[in-house]
Amino acid sequence: MIASLEARGYRNLAGELSLSIDPHLTVFHGLNGAGKTNLLDALHFGLTGASMRSGAIKNAIGFESDSARVEVEFSDKTGTMHKTLASLDRSGQRRNLVDGAAPTASVPLPRVALFHPDHLQTIKGPPAHRRALADQVAGSLSPSQTDLRARYGRTLAQRNAQLRRVRAGELPVTELEVWDSRLASEAAPLVASRRDAIEILAPHFREAAITLGLTEPGIAYKTRVGGDEESIRLRLAELRTEDPGRAYVMYGPHLDDLHVEAEGRPLKQFGSQGQQRAAVLALLLGERSALAGAGRESPILLLDDVMSELDPRRRELLIGAAVAGGQVVVTATDLSQVPSEGFAPTSTSYRVEAGRIDAGADSPPLAEAV
Ligand SMILES: Nc1ncnc2c1ncn2[C@@H]1O[C@H](COP(=O)(O)OP(=O)(O)O)[C@@H](O)[C@H]1O
Ligand SMILES: [Mg+2]
């Protein structure tokens, strides 16, 4: 659970900013360009050491500053408080500390789940986005599986490099056998981990998607890779003899996809923008509820720029479901777009103006319980 955020020199955030984060719902509201997304980004940077915006990390240093520094205070499962520090300066020096020392596995950092309008690519974009999602869900459900994807990717790249040498006549084709065996031994657990993760996610996704207004939603893992390691190895051997000149392996989990659908049709081809957005949100909410079901800590949910796109009833449903699953931080141009009373046990709102938290008017600098 996150308790507070402090930032200095981070993007347009002015001065020494310090604010508490509500255990349930925190709202940043203000005009376009005020710094609402930058506040979410500061939280993201404080917890992960990376900006949620693309581009060089140095771009996160405020135009007028030489360095950026973010601290996030959080409590662990036992209620003990900890503090992260992430900083960088223009010379490229970076620090990521937890309780003043290098991070260790003994103090796991709170995880972050982010909705940003660009994330519609998860549904609309090429399959690589959905493979990444499957691997991320698999890794969050079983952290020991986090590196399966990277290992397979490395072996595939090495195998393809060998293949180029075979084609250039530098190596006999039999050299590929050992690489295909390795590829098969890494493909099988990757496929199994994706299949298991999506199977666990599917009912949670469906429930969240129905809540958000999708009809007959579904998610399924699609792979052409069947069977165990041995059958994968045999198939790779077949392909090798059928088409030895083929430059890349056209069989394997690097070609997998997820089908996300509603009313029996893929949302990628047939979904409206609103349906695609609902599906992305349902993936986030579904993953949090799957994690809760597995007894794992729920990631803090950052919802950027989503409220204005939803009708009032969907806003209520979204906030209700999001808050039920753990801590939530939302941005909106107008506070009235975020239903809080009756939808969150407590909430705190901050008005953001030109990179400052406006302590006047509706938002005191410290938590206001509603
Ligand atoms: N490194 C930086 N230093 C100063 N300002 C920045 C930096 N990076 C982005 N900004 C500015 O921050 C402003 C607020 O951005 P943002 O948080 O996205 O606003 P919004 O409230 O609409 O979400 C933008 O005008 C942008 O130019
Ligand atoms: Mg924004």
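Residues numbered from 1 in each chain as written. Chains lettered and ligands numbered in written order. Predicted model: local features only at pLDDT ≥ 70, side-chain atom pairs only at ≥ 80, totals over all residues.

Side note on the packing of helix H4 (residues 148–167) against helix H5 (residues 175–211)
- Put simply, H4 and H5 touch, their axes get as near as 9 Å, and they point 155 degrees apart. Our classification of the angle between H4 and H5 gives roughly antiparallel. Pair H4 / H5 crosses with left-handed handedness. Contacts between H4 and H5 involve Leu 148, Arg 149, Arg 151, Tyr 152, Thr 155, Leu 156, Gln 158, Arg 159, Gln 162, Leu 163 and Val 166 on the former and, on the latter, Glu 175, Leu 176, Trp 179, Arg 182, Leu 183, Glu 186, Ala 187, Pro 189, Leu 190 and Ser 193.
- Grouping the constituent residues of the contact of H4 with H5 by class yields 11 nonpolar, four polar and six charged. (Axes fitted to C-alpha atoms, helices over the stretch in contact; angles between N-to-C directions. Helix = DSSP H or I, 4+ residues; strand = E, 2+ residues; numbered from the N terminus. Parallel < 35°, antiparallel > 145°, perpendicular 65-115°, else oblique. Left-handed = near helix turned anticlockwise from the far one by under 90°. Contact = placed C-beta atoms within 7 Å. Nonpolar A, V, L, I, M, F, W, Y, C, P; charged D, E, K, R; others polar.)

Concerning the sheet that holds strand S9 (residues 257–262)
- With antiparallel pairing, the three strands of this open sheet are ordered in space as S8-S9-S10. Two strands bound the open sheet, and with one partner strand each, they are strand S8 (218–222) and strand S10 (265–266).
- Pairing between S9 and S10: two bridges, direction antiparallel. Its bridge partner lying in S10, Ala 262 is registered against Arg 265.
- Contacting S8 and S9, helix H3 (residues 127–141) crosses the sheet at an angle of about 95 degrees to S9. (Pairing = 2+ DSSP bridges.)

Overview of the environment of Val 166
- Relative to the assigned elements, Val 166 resides in helix H4.
- Those residues in contact with Val 166 that sit more than four places away from it in its chain are Leu 171, Val 173, Glu 175 and Leu 176.

Considering unusual backbone geometry
- One non-glycine residue, Glu 216, adopts positive backbone phi at about 45 degrees.
- On the secondary structure map, Glu 216 appears in the loop between H5 and S8.
- A tally of 12 C-beta atoms within 10 Å means that Glu 216 is categorised as exposed. (Buried ≥ 20, exposed ≤ 12 C-beta atoms within 10 Å, placed from the backbone.)

Describing the sheet that holds strand S14 (residues 356–358)
- Spatially, S7-S11-S12-S3-S13-S14 is the arrangement adopted by the six strands of the open sheet, whose pairing is mixed. The sheet is open, and its two edges are formed by strand S7 (112–115) and S14, each paired on a single side. Put simply, the sheet's adjacent strands are angled 25 degrees from each other on average, direction ignored.
- With four bridges joining them, S7 and strand S11 (residues 300–303) adopt parallel strand pairing. The residue of S11 that forms the bridge with Leu 114 is Leu 302.

With respect to the site of ligand 1
- Residues in close proximity to ligand 1 total 16 residues, the closest being Arg 11, Asn 12, Lys 36, Thr 37 and Asn 38.
- Class assignment of the residues belonging to the shell around ligand 1 gives a composition of four nonpolar, 10 polar and two charged. (Near = placed C-beta within 6 Å.)

A closer look at helix H1 (residues 36–48)
- The end-to-end C-alpha distance of H1 is 18 Å, a good match for the 18 Å that 13 residues give at a rise of 1.5 Å each.
- Of all 13 residues in H1, 12 are buried, a share of seventy percent or more.
- What H1 keeps buried is the set Lys 36, Thr 37, Asn 38, Leu 39, Leu 40, Asp 41, Ala 42, Leu 43, His 44, Phe 45, Gly 46 and Leu 47.
- At the C-terminal side of H1, Gly 49 shows a positive phi close to 80 degrees. (Expected span 1.5 Å × (residues − 1).)

With respect to the domain arrangement of the chain
- Domain assignment breaks the chain into domain 1 (1–111 + 297–370) and domain 2 (119–296).
- The element contributing the most residues to the side of domain 1 that touches domain 2 is helix H9 (residues 312–324), with five residues.
- When the residues that make up the side of domain 1 that touches domain 2 are grouped by side-chain class, the tally is six nonpolar, three polar and four charged. (Domains from an automatic or database assignment.)

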